[in-house]
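Next come the chains, spelled out residue by residue.
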Amino acid sequence: MRHVAQPLWRAALVALAALAVAYAWSRRGRLEVERLRVVPFALAAGVVLVASASAGWSVDAKLTAARALSFGLLLTVAAALGYATAGDPPAARRLALAVLAGACAVGLLGLAVWVLYPGDAFQEATPNAPARFRGVGQNANTVSMLFAAALPLVAWIAIESRGRLRVAALAAGALLYGSIVGSGSRGAFATAFLGVLFVTVLLARTRRARLALAAGVAALLVAGLGLSRLPDTLPPERAGQSPSASSILTGSPNDAEASFRLEDELGNPGHAVYVRPHARGLVGASGREQAWRGALEQGADRPLLGYGFGTEDRVFVDRFYSFFGGVPENSYIGAFLQIGLIGDLLLVALLVALAVPLLLSLRKRATGAVVACTAVLLVGVVLASVQSYLYAAGNNATLTVWLCGFLGLGALATAEDA
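On a predicted model such as this, the values are computed, not experimentally measured, just so you know.

**Student:** Looking at this model, I keep getting lost on helix H11 (residues 331-361). Mind explaining?
**Tutor:** Each turn of an α-helix holds 3.6 residues, which means side chains three or four residues apart point in the same direction. For H11, which comprises 31 residues, the first-to-last C-alpha distance of 27 Å sits more than 12% below the rise-based estimate of 45 Å (1.5 Å per residue). A distance of 2.9 Å separates the backbone nitrogen of Tyr332 from a side-chain oxygen at the start of H11, and that oxygen is part of Asn330.

**Student:** When you look at the side chain of Ser161 in this model, what are you seeing that I'm missing?
**Tutor:** On the secondary structure map, Ser161 appears in the loop between helix H5 (142-160) and helix H6 (163-183). Its relative accessible area of 4% is what places Ser161 among the buried residues. At a separation of 3.2 Å, a polar atom in the side chain of Ser161 contacts the side chain of Arg93. There is a polar contact of 2.8 Å between the side chain of Ser161 and the backbone oxygen of Ile157. Excluding anything up to four places from it in sequence, Ser161 contacts Arg93 and Arg166.

**Student:** How should I be thinking about the packing of H6 against helix H7 (residues 186-203) in this particular structure?
**Tutor:** Two measures define how a pair of helices packs: the angle their axes make with one another and the distance between the axes. Running from amino to carboxyl end, H6 crosses H7 at an angle of 145°, the nearest separation of the two axes being 8 Å. Where H6 crosses over H7, the handedness of that crossing is left-handed. Here Tyr177, Ile180 and Val181 of H6 lie close against H7, whose contacting residues are Ala188, Phe189 and Ala192.

**Student:** Before we go on, may I ask you to explain the side chain of Thr85 in this structure?
**Tutor:** With respect to the helices and strands, Thr85 occurs in the loop between helix H3 (61-84) and helix H4 (89-116). What makes Thr85 buried here is its relative accessible area of 1%. Polar contacts involving the side chain of Thr85 include one to the main-chain carbonyl oxygen of Leu81, which spans 2.9 Å. Here Gly82 takes part through its backbone oxygen, which lies 3.5 Å from a polar atom of the side chain of Thr85.

**Student:** I'm lost on unusual backbone geometry in this one. Help?
**Tutor:** One can expect most non-glycine residues to show negative phi and most peptide bonds to be in trans. For Glu329, which is not a glycine, the phi torsion comes out positive at approximately 60°. Along the polypeptide, Glu329 turns up in the loop between helix H10 (312-315) and H11.

**Student:** Any chance you could explain the nonpolar core here in plain terms?
**Tutor:** One recurring pattern in soluble globular proteins is that nonpolar side chains are buried together. Counting residues in each nonpolar core, the largest one holds 95 residues, and the members touching the most others are Leu153, Trp156, Leu390 and Trp402. For this core, the element with the most residues is H5, which contributes 15 residues. Those residues in contact with Trp402 that sit more than four places away from it in its chain are Phe71, Leu74, Leu75, Ala78, Leu347, Leu350, Leu351, Leu354 and Leu390.

**Student:** Honestly, the packing of aromatic side chains in this entry has me stumped. Any pointers?
**Tutor:** The relation between two aromatic rings is expressed through the spacing of the ring centres and the mutual angle of the planes. On inspection of all chains with the given rule, the structure shows eight aromatic pairs. Geometrically, the ring pair formed by Phe71 and Trp402 is edge-to-face, given 6.4 Å between the ring centres and 65° between the ring planes. Within this pair, whereas Phe71 is found in helix H3, its partner Trp402 is found in helix H13 (residues 398-417), the two being separated by 331 residues in sequence. When its relative accessible area of 1% is taken as the criterion, Phe71 is described as buried. By relative accessible area, Trp402 is classed as buried at 0%. Chaining the aromatic ring pairs together yields one cluster made of Phe71, Phe309, Tyr391 and Trp402. The residue whose ring lies beneath Arg93 is Trp156, and the NZ or CZ to ring-centre distance is 5.5 Å.

**Student:** Looking at this structure, how should I read the pattern of salt bridges?
**Tutor:** Charged atoms that come close allow side chains of opposite charge to pair. A full pass over the atoms with the stated rule returns two salt bridges. Ionic pairing is found between Arg67 and Asp313, a salt bridge with its closest N-O pair at 3.4 Å. You can see Arg67 sitting in helix H3 and its partner Asp313 sitting in helix H10, a full 246 residues away along the chain. Take Arg67: its relative accessible area is 32%, and that puts it in the partly exposed class.

How each quantity is defined
- Residues numbered from 1 in each chain as written.
- Predicted model: local features only at pLDDT ≥ 70, side-chain atom pairs only at ≥ 80, totals over all residues.
- Heavy atoms only, no water.
- Helix = DSSP H or I, 4+ residues; strand = E, 2+ residues; numbered from the N terminus.
- Expected span 1.5 Å × (residues − 1).
- Polar contact = N/O pair within 3.5 Å; in protein donor to acceptor, adjacent residues only side chain to side chain.
- Buried < 20%, exposed > 50% of the residue type's maximum accessible area, 1.4 Å probe, protein only.
- Contact = heavy atoms within 4.5 Å.
- Axes fitted to C-alpha atoms, helices over the stretch in contact; angles between N-to-C directions.
- Left-handed = near helix turned anticlockwise from the far one by under 90°.
- Core = buried A, V, L, I, M, F, W, Y, C linked by side-chain atoms within 4.5 Å.
- Phe/Tyr/Trp six-rings, centres within 6.5 Å; stacked < 30°, edge-to-face > 60°.
- Lys NZ or Arg CZ within 6 Å of the ring centre and 35° of its normal.
- Salt bridge = Lys/Arg side-chain N within 4 Å of Asp/Glu carboxyl O.

Right, dumping it as structure tokens:
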């Protein structure tokens, strides 16, 4: 799948960007630009410019240029479609439904992998984590991020629709919710819960309905937490020295990695025999804190400009006993590592510029589209604190979050114009 999909998504992104720009051009003049608040568009351009310019000092200039181009195309899609749908609520609703349909397609593909190739659908158990459902994702956290971002859209459609569309929305919710529970992704589970609760509380018509929906969402949270704890972790006798339980089969008795991995150097208890790490609970035990400190220390060597956009997985080195990953799993720290403090502040400013007008609009009764898009953006912002993805065009949750952010601006402009 990676062999086919890796080159295909780049071609699809180029085609999507071209179609989005053409669509926006065809609808120019329908709405005054001021209605859309030009600051987010200017900040998006600034982030792309800094990312592209970082090729001049990048540790891998070719990689930086390629990834900056991909991210620029992704933001172009989001901004162009956000502009094009302003003043046209049905078009914005259709795009939101398309985003949800895409997430459901990924969920169904995951189920197909489970049926056809059960061993490939799960990430193997480790000493501190049970087996985790990953579907078509590279790991258990990949597609669950997309599902967490899409669930607020499910809540919106389910609340405001009737008949078959509501039934379809509930079925989609069950698919995405079940996939997140199976993945055991704590970040995705927590943010999905907050996003759905945000939508249900704001869109419920009466206080009684609001309380009933909130209670239902809380019950789903408790049930999901219980189900995610059912699988067993890997027994100590089947584990090696690493908490990831990775086998190192080099075939060479002189390879030091065969007895002690560099990934386990920092924070290792230092015992001669295997020491089982703490079990993966609801919070903690993922080693992210160690990785964040290490990444910040690396970034401090190039604090203003970073090592070059897109080089996060090249620059970051996992040498932490309790952490297992190729990136520090924090978009804000990852951006600091790549484009320094200047680029990181621009990225945060862009998120703020998208979120503030949407949140301020909630003081009066906002439309369902505005509420749902605000929820998706908030899910993305919170999820970025535990996942490195906001700038990764190849991540399946990235376009969803940015597109809904700009669609929210368009829907907000529509509401104000009305």
